[in-house]
Amino acid sequence: MCELFGLSASRPKAGRQLPLAEFRRRGGDSADNPDGWGLAWRQENRFRLEKEPVPGSRSLRFDRLIVELDSDLIVAHVRKARLPPVNTLSNTHPFLRECCGRQWAFAH
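Reference entry: report on the structure contained in this document. (Residues numbered from 1 in each chain as written. Predicted model: local features only at pLDDT ≥ 70, side-chain atom pairs only at ≥ 80, totals over all residues. Heavy atoms only, no water.)

## Description of the environment of Arg16
Basically, it comes down to this: Helical segments are the DSSP runs of H or I of at least four residues, strand segments are the runs of E of at least two, and each set is numbered from the N terminus. Contacts were defined at the residue level, with two residues in contact if any of their heavy atoms lie within 4.5 Å. The term polar contact refers here to a pair of N or O atoms within 3.5 Å; inside protein, the definition further demands a hydrogen-donor-capable atom paired with an acceptor-capable atom, and it admits residues adjacent in sequence only when both atoms are side-chain atoms.
Among the structural elements, Arg16 can be located in the loop between β1 (3-14) and α1 (20-25). With near-sequence residues (within four places) excluded, Arg16 lies in contact with Ile66 and Val67. A polar contact is formed between the side chain of Arg16 and the backbone oxygen of Val67, at a distance of 2.7 Å.

See below:
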């Protein structure tokens, strides 16, 4: 089953201060969620989004983001696809949408 990580803080937190490295390993190493990963975070009142349809535990990009990240709002996701797995960028979470004059980040 997919797993989520969320953070809402009063001040920005550095990614390396958070348990994101352990969460990254849940993407195909310490848990069976090998079908993609994604990370959305707020930066200067807008969300940034990075994701790949590959195991999070093997992603150098995910590893790099953990070191560079500094945010007060984070949504992260590691994916377990149904059978047969369809691993594409379009079905890898989280997602960003505009609604009601605001930007939203979400995963399910």
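## Details of the pairing of strand β5 (residues 95-99)
Test applied: Note on pairing: DSSP must find at least two bridges between two strands before they are called paired.
Where β5 lies against strand β6 (residues 102-106), five bridges are found, and the strand directions are antiparallel. By the bridge assignment for β6, Cys99 is matched with Arg102. Hairpin connection from β5 to β6: two residues lie between these consecutive antiparallel strands, with Cys100 at a positive phi of about 60°.

## Here's the deal with the environment of Asp72
Among the secondary structure elements, Asp72 is positioned in strand β4 (residues 70-78). Those residues in contact with Asp72 that lie beyond four places of it in its chain are Leu7, Ser8, Ala9, Arg11, Pro12 and Arg42. A distance of 2.9 Å separates the side chain of Asp72 from the side chain of Arg42, its partner in a polar contact.

## What to know about the pattern of salt bridges
Going by this rule: Put simply, a salt bridge is a Lys or Arg side-chain nitrogen that is within 4 Å of an Asp or Glu carboxyl oxygen. Each residue is assigned to one of three classes by its accessible area relative to the maximum for its type, calculated with a 1.4 Å probe on protein chains only: buried under 20%, partly exposed between the two thresholds, exposed over 50%.
What the rule picks out here adds up to ten salt bridges. Glu3 is the salt-bridge partner of Arg26, the closest N and O atoms lying 2.8 Å from each other. In this pair, Arg26 sits in the loop between α1 and β2 (37-43) while Glu3 sits in strand β1, placing the two residues 23 residues apart along the sequence. On the basis of relative accessible area, Glu3 is assigned to the partly exposed category, the value being 21%. Glu50 serves as the salt-bridge partner of Arg48, at 3.8 Å between the closest nitrogen and oxygen. With relative accessibility at 37%, the residue Arg48 sits in the partly exposed group. Residue classification places Glu50 among the buried residues on the basis of a relative accessible area of 14%.

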